[in-house]
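Architecture at a glance
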Amino acid sequence: MSEQDETAIQRATRQLENAAEYVEIDDDILRRLEHPQRTHKFTMPFERDDGTVDVVEAYRVQHDDVRGPYKGGLRYSPHVTQEECAGLGMWMTFKCAVADVPFGGAKGGVRIDPRELSDAEHERLTRRLTKSLRRYIGTNFDIPAPDMGTNARTMSWMMDTYSVYEDETVRGIVTGKSPDVGGVRGREEAPGIGVSIIAQRALEHYGYDVNDVTAAVQGYGSVGANAARHLDDAGADIVAVSDAEGAVVDHDGLPTYEIKSYEEKPSAVTEYDAPTITNDELLKLDVDVLIPAAIGGVITSENADEIAADIVVEGANGPTTSDADEILHERGVTVVPDILANAGGVTASYFEWLRGRNRRKWPKEKVMDELALEMNGSWEDVVEEHESLDGASWRDACYVVALKRLAKAYSERGMWP
Ligand code: NAD
């Protein structure tokens, strides 16, 4: 298999197998975790605004629920495949275990280009998807959330459609909704802020003063822009940011609030008045911290030798291929993996899910305080494991933390073969 052909599920499985070398774990549990528990594939008719009907493919892959209900995003993207959902679902299982939130892992999506959808089409597609999915999700079974191409509005439509079928308002069926219908303030910023918190802890760990730090951020969406702004607020210079059109660079530091995020205005980054470079050039900048926060598979064996950052903090899911991961590890580049770094999203989702169950309000300050507490706690758990393992990468250490928690849950509940 060539590196380009490595699917998300193959990458996730390889990471799991690498980490399993460092921990004594029952082989049956390991084999259980290598396979998703359930895979749902749907085809759905979907009416366009002009009255024509498309048939689109949708997936929901439920990887593992030993620690709690399945949890994970739904994406609208032309690249959605069953293998991608399976890999992303597996990463969710490990992310929830590292973050120690009581959820398992799932992921789903519709293979469609969200940029071609009018608002009315987005709503129709979402309601049709919810109809197809409703027997396979539930507040105590599988709780979707937004991901690429979906947002708070998508989740509010899902919640509404599900509630119509149930004849009652079921707030806990999704997270990432608008705060007006049961979401929590700060959920949108949480994944990016979590990335910044973990980046700061990694910098401290390696003896950096954040005020002297330079950073480059690929992707200026929900994760990238919020991470860049939070790290900027902490004192770092954000010297380059990008979106799908390209990157802007200023070695004295960019004004992260002046540059519009994807949510505020898609494709606005290169409109900012500063020299432009390509996304690949951004990845190779000589900065202290590199945060890939756009798409998967951007750091490959083609460019891993030229990554000049000391620390890579993975904001996106799966931005580093397996071959690149090995090269970076051999070169001594620290890679803080996605399953730890971007767990702020699912952590805030957990607060929202609790709100859906007990109806208590979660003011934004409380969300931010608890988020920092949880992210810092996860970091400490991983540091302890990293220090006890000889020669392991941060990714291995994260997987070992997660594997131990998953194995304990399996041995407590039993596998029921
Ligand atoms: P988003 O849609 O808000 O933003 C994505 C950004 O990446 C945009 O600026 C877009 O222009 C840019 N981009 C797209 N293709 C690109 C390319 N080829 N090169 C460079 N930039 C490109 O998405 P998001 O929610 O910020 O998600 C980004 C990543 O973070 C994804 O991998 C997602 O799975 C992951 N993630 C998201 C969340 C969340 O809750 N939003 C949580 C955890 C992980």
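Treat the numbers as computed from the prediction; the structure is a model and nothing was measured.

Let's shift gears to the nonpolar core. In terms of nonpolar packing, the biggest core is built from 83 residues, with Phe94, Val241 and Val313 touching the most fellow members. Sorting elements by how many residues they give to this core places helix H13 (residues 394-413) first, with twelve residues. The contact partners of Val241, leaving out residues within four places of it in the chain, are Val217, Tyr220, Gly246, Ala247, Val248, Leu254, Ile259, Val269 and Leu282.

Along the chain, Gln200 turns up in helix H6 (residues 190-205). Put simply, Gln200 and Val289 are 89 residues apart on the chain and 9.8 Å apart in space, counted from C-alpha to C-alpha. Excluding residues that lie within four positions of it along the chain, Gln200 makes contacts with Val210, His230, Leu231 and Ala234.

Turning next to the site of the ligand. In the vicinity of the ligand there are 21 residues, among which Arg75, Tyr220, Ser222, Val223 and Asn317 approach most closely. Between the ligand and the protein, one listed contact pairs an oxygen atom with a backbone N or O atom of Ala294 at 3.4 Å. Asn317 has a polar side-chain atom sitting 2.9 Å from an oxygen atom of the ligand. If the ligand stood free it would expose 830 Å²; the protein chains cover 84% of that surface. Residue classes in the shell around the ligand are distributed as ten nonpolar, seven polar and four charged. Split by domain, the residues of the shell around the ligand number at least three in each of domain 1 (36-178) and domain 2 (190-341).

With that settled, consider the packing of H6 against helix H12 (residues 364-388). Between two packed helices, both the angle of their axes relative to each other and the distance between the axes serve to describe the pair. Close contact between H6 and H12 brings their axes to 10 Å; oriented N to C, the two are set at 40°. When the axis of H6 is compared with that of H12, the two are oblique. The way H6 lies across H12 gives a crossing that is right-handed. Here Ala190, Ile193, Gly194, Ile197, Ile198, Arg201, Ala202 and His205 of H6 come into contact with H12, specifically with Met368, Leu371, Ala372, Met375, Asn376, Trp379, Glu380, Val383 and Glu387. The class makeup of the residues in the contact of H6 with H12 is eleven nonpolar, three polar and three charged.

The next thing to look at is the packing of helix H3 (residues 82-99) against H13. Orientation of H3 relative to H13, taken along the N-to-C sense of each, is 85°, at an axis distance of 8 Å. Relative to H13, the element H3 is oriented roughly perpendicular. Across the interface between the two elements, Trp91, Thr93, Phe94, Ala97 and Val98 from H3 touch Cys398, Tyr399, Val401, Ala402, Leu403, Arg405 and Leu406 from H13. A per-class count over the contact of H3 with H13 returns ten nonpolar, one polar and one charged.

This part is about helix H9 (residues 322-331). Buried residues of H9: Ser322, Ala324, Asp325, Ile327 and Leu328, and no others. Buried residues along H9 sit in contact with helix H1 (8-20), strand E12 (334-336) and H13. Of the residues trailing H9, Gly332 is marked for its positive phi of about 80°.

Moving on, we come to the packing of aromatic side chains. Scanning the entire structure with this criterion turns up ten aromatic pairs. Each ring, one from Phe94 and one from Tyr399, has its centre 4.9 Å from the other, and the planes form 40°; the classification is tilted. With Phe94 in helix H3 and Tyr399 in helix H13, this residue pair connects regions lying 305 residues apart in the sequence. In this structure Tyr399 comes out as buried when scored by relative accessible area, which is 1%. Within the aromatic cluster, the residues linked to one another by ring pairs are Phe103, Tyr350, Phe351, Trp353 and Trp362. Cation over ring: Arg134 sits above Tyr165, and NZ or CZ is 4.1 Å from the ring centre. A cation over a ring is seen here: Lys366 above Trp362, with NZ or CZ 4.2 Å from the ring centre.

Thresholds applied
- Residues numbered from 1 in each chain as written.
- Predicted model: local features only at pLDDT ≥ 70, side-chain atom pairs only at ≥ 80, totals over all residues.
- Heavy atoms only, no water.
- Core = buried A, V, L, I, M, F, W, Y, C linked by side-chain atoms within 4.5 Å.
- Buried < 20%, exposed > 50% of the residue type's maximum accessible area, 1.4 Å probe, protein only.
- Helix = DSSP H or I, 4+ residues; strand = E, 2+ residues; numbered from the N terminus.
- Contact = heavy atoms within 4.5 Å.
- Near = heavy atom within 4 Å.
- Polar contact = N/O pair within 3.5 Å; in protein donor to acceptor, adjacent residues only side chain to side chain.
- Areas by Shrake-Rupley, 256 points an atom, 1.4 Å probe, with all protein chains shown as cover.
- Nonpolar A, V, L, I, M, F, W, Y, C, P; charged D, E, K, R; others polar.
- Domains from an automatic or database assignment.
- Axes fitted to C-alpha atoms, helices over the stretch in contact; angles between N-to-C directions.
- Parallel < 35°, antiparallel > 145°, perpendicular 65-115°, else oblique.
- Left-handed = near helix turned anticlockwise from the far one by under 90°.
- Phe/Tyr/Trp six-rings, centres within 6.5 Å; stacked < 30°, edge-to-face > 60°.
- Lys NZ or Arg CZ within 6 Å of the ring centre and 35° of its normal.

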